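Examination of the molecular architecture
In case you want the letters, here they are:
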Amino acid sequence: MLQPHRPPARSVFGSLVLIAVVVGASAAAFAYTAGWFSPQRLTPDKLVDALTPPGVDPAGHRRNHAKGICFTGIFEANGAGSALSQAQVFARGQYPALGRFNVATPDPKEPDAKVRVRGLGLQISTPDGQEWRMAMIDPPVFPASTPQSFYELLVASGSKDPDAMKTYAGAHPEIAAFGAWAGSAPWTGSYAEERFNSLNSFIFVDTSGAEHAVRWSLLPAAQPVSVPPDDLAKRGPDFLEQEITERVHGGPQRWTMVVTVANPGDPTADPTKAWPADRRTVEVGTLTVQQIEAEADGPCRDINFDPTVLPTGIRTSDDPFPAARSSAYAKSYDRRTAEAADYPRTTPGAKP
Ligand code: HEM
């Protein structure tokens, strides 16, 4: 009679050791990723935790730029960008756009007039199945030169120590350019009058494989009108959302996308440093915002405008921010989508 095949005892032991090694290595990899071996290391959890000041409840909302409103429209490429990038989004044509106007606060209840920085998240889809996602803001430079110093800035601004910000600024003089903008740039009464800037640098790859370091901006067609912040405060806590809803109802709003090409040696890894004003610029197309929808049930609610979601023909550069942003946005996305019950949808039958 045939005996059932039994592996020799030594090979069973060997298999167990192998399993233990694989499980142990996976656990160690998770622990490393979570930063357990190196408490000094900057992790997405630390960055996202530092964004929420004490007393603010962001449940269900983005952990930064928590207040916003969705839009849909069209990006019309004029074809000029194809000289810089092989991405289909630059080939002459019209492509669907989905986005979100927002204010840079971690508090979804913050009055609009109190928030200095305004932002725009955008996703453009092309027939080749690719997407270009981006999230831009209105200052001309970022306040911090690295993700680590941005984290330190968040910690300083949330600190009870009254000198924390002064100490931070002393150690990080590069914040001065942002501070000068924040202190002197006019405030406007409309998202439609804002210029939105990528600030981070990316690489465009053209059809010959040549690479071009770039930043880009959306320039408003509407003429900016300066309004003192005290006057804005009288317009109500959500005046920006109300204004853009009425404005787009009255007619589509447009922005020109302008790509700025770096000269050799321009700083691409530091968004506190603007490039000289004489750099080559290329107008590549027009964003037209055609419809506004409230965020609670709107199409931007569950989108993560991760700046590393890029089509072929655009890639990240040596700028360390997009990778750090990607991991922090994913963490924020995971948290807010798990808390959907704290931010109920308003349409009956909408998914929870
Ligand atoms: C290390 C630096 C940064 C961190 C940790 C950070 C963190 C975050 C987080 C957690 C969100 C919410 C994401 C979500 O839940 O979908 C967010 C949104 C946003 N961030 Fe950043 N951010 C950083 C740098 C920047 C920079 C450099 C810009 C602009 C140039 C920017 C512009 C925006 C905008 C516009 C949004 C709103 C996007 C939307 O509507 O969904 N951020 N950020």
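Up top you'll find the structure we're talking about.
First, a word on scope: everything that follows refers to the structure included in this document. (Residues numbered from 1 in each chain as written. Predicted model: local features only at pLDDT ≥ 70, side-chain atom pairs only at ≥ 80, totals over all residues. Heavy atoms only, no water.)

Within the protein, a single donor atom binds the iron atom of the ligand, namely Tyr329 (OH) at 2.2 Å. By secondary structure assignment, the location of tyrosine 329 is in helix H8 (residues 321–338). (Donors = N, O, S within 2.8 Å, 3.2 Å for Na, K, Ca; no water. Helix = DSSP H or I, 4+ residues; strand = E, 2+ residues; numbered from the N terminus.)

In this section: the nonpolar core. Of all hydrophobic cores here, the largest spans 46 residues; its most connected members are Phe101, Leu122, Trp132, Phe204, Trp216 and Leu218. Sort the elements by how many residues they give to this core and strand S9 (residues 281–293) lands first, with five residues. Those residues in contact with leucine 122, other than ones at most four positions away along the chain, are Phe71, Ala97, Leu98, Gly99, Trp132, Arg133, Met134, Met136, Leu218, Leu287 and Phe305. Val117, Leu153, Phe178 and Ala185 belong to the second largest nonpolar core, which has 23 residues in total. (Core = buried A, V, L, I, M, F, W, Y, C linked by side-chain atoms within 4.5 Å. Buried < 20%, exposed > 50% of the residue type's maximum accessible area, 1.4 Å probe, protein only. Contact = heavy atoms within 4.5 Å.)

The local shell around the ligand holds 26 residues, among which Arg62, Arg100, Tyr329, Ser332 and Arg336 are the closest. A distance of 2.6 Å is found between an oxygen atom of the ligand and a side-chain nitrogen or oxygen belonging to arginine 62. Listing elements by their share of the shell around the ligand, those giving two or more residues are helix H2 (44–51), strand S2 (93–103), strand S3 (118–125), strand S4 (131–137) and H8. If one sorts the elements of the shell around the ligand by residue count, H8 sits on top with seven residues. (Near = heavy atom within 4 Å. Polar contact = N/O pair within 3.5 Å; in protein donor to acceptor, adjacent residues only side chain to side chain.)

Next up on the list: the packing of H2 against helix H3 (residues 147–157). Packing of H2 against H3 leaves a shortest axis separation of 9 Å and a crossing angle of 35°. Crossing of H2 over H3 shows left-handed handedness. Where H2 abuts H3, its residues Lys46, Leu47, Ala50 and Leu51 lie against Pro147, Phe150, Tyr151 and Leu154. For the contact of H2 with H3, a count of residues per class yields seven nonpolar, no polar and one charged. (Axes fitted to C-alpha atoms, helices over the stretch in contact; angles between N-to-C directions. Left-handed = near helix turned anticlockwise from the far one by under 90°. Nonpolar A, V, L, I, M, F, W, Y, C, P; charged D, E, K, R; others polar.)

Before going further, it helps to spend a moment on the side chain of aspartate 112. Here aspartate 112 shows up in the loop between S2 and S3. With relative accessibility at 1%, the residue aspartate 112 sits in the buried group. With near-sequence residues (within four places) excluded, aspartate 112 lies in contact with Lys67, Val103, Pro237, Asp238, Phe239, Leu240 and Glu241.

The next thing to look at is helix H7 (residues 239–250). One turn of the α-helix equals 3.6 residues, which is why residues spaced by three or four share an orientation. Taking 1.5 Å per residue, 12 residues should reach 16 Å; H7 reaches 16 Å between its end C-alpha atoms and fits that length. On the buried face of H7, the contacting elements are strand S1 (67–77), S2, S3, helix H6 (229–233), strand S8 (253–261) and S9. (Expected span 1.5 Å × (residues − 1).)

A separate point is the packing of H2 against H8. With their axes 9 Å apart at the nearest point, H2 and H8 run at an angle of 65° to one another. As far as their axial angle goes, H8 and H2 are roughly perpendicular. Read as a crossing pair, H2 and H8 show a hand that is right-handed. Two secondary-structure elements touch here, H2 through Pro44, Asp45, Leu47, Val48 and Asp49 and H8 through Ala324, Ser327, Ala328, Lys331, Ser332 and Arg335. Class assignment of the residues belonging to the contact of H2 with H8 gives a composition of five nonpolar, two polar and four charged. (Parallel < 35°, antiparallel > 145°, perpendicular 65-115°, else oblique.)

As a further point, take the state of the cysteines. A full pass over the atoms with the stated rule returns one disulfide. Note on cysteine connectivity: cysteine 70 is disulfide-linked to cysteine 300, with sulfurs 2.0 Å apart. Between cysteine 70 and cysteine 300, the S-S torsion sits near -75°, and that sign places the bridge as left-handed. One end of the pair, cysteine 70, is in strand S1; the other, cysteine 300, is in the loop between S9 and strand S10 (314–316), and 230 residues separate them in sequence. Note on cysteine 70: relative accessible area 0%, which makes it buried. (Disulfide = S-S within 2.5 Å.)

We now examine unusual backbone geometry. Of note in the backbone geometry, histidine 65 takes a positive phi value of approximately 50° without being a glycine. Tracing the backbone through its elements, the reader meets histidine 65 in the loop between H2 and S1. With relative accessibility at 19%, the residue histidine 65 sits in the buried group. You will see that leucine 199, though not glycine, has its phi angle at about 60°, which is positive. Tracing the sequence through the fold places leucine 199 in the loop between strand S5 (196–197) and strand S6 (202–205).

Aromatic rings considered in pairs are described by the distance between their centres and by the relative angle of their planes. Overall, the coordinates contain 12 aromatic pairs when judged by the stated rule. When the ring of phenylalanine 90 is compared with that of phenylalanine 204, the centres are 5.2 Å apart and the planes differ by 45°; the resulting orientation is tilted. Linking phenylalanine 90 in the loop between S1 and S2 with phenylalanine 204 in strand S6, this pair joins segments that are 114 residues apart in sequence. You can call phenylalanine 90 buried: its relative accessible area is 0%. An angle of 35° between the planes, with centres 4.9 Å apart, marks the rings of phenylalanine 202 and tryptophan 216 as tilted. (Phe/Tyr/Trp six-rings, centres within 6.5 Å; stacked < 30°, edge-to-face > 60°.)

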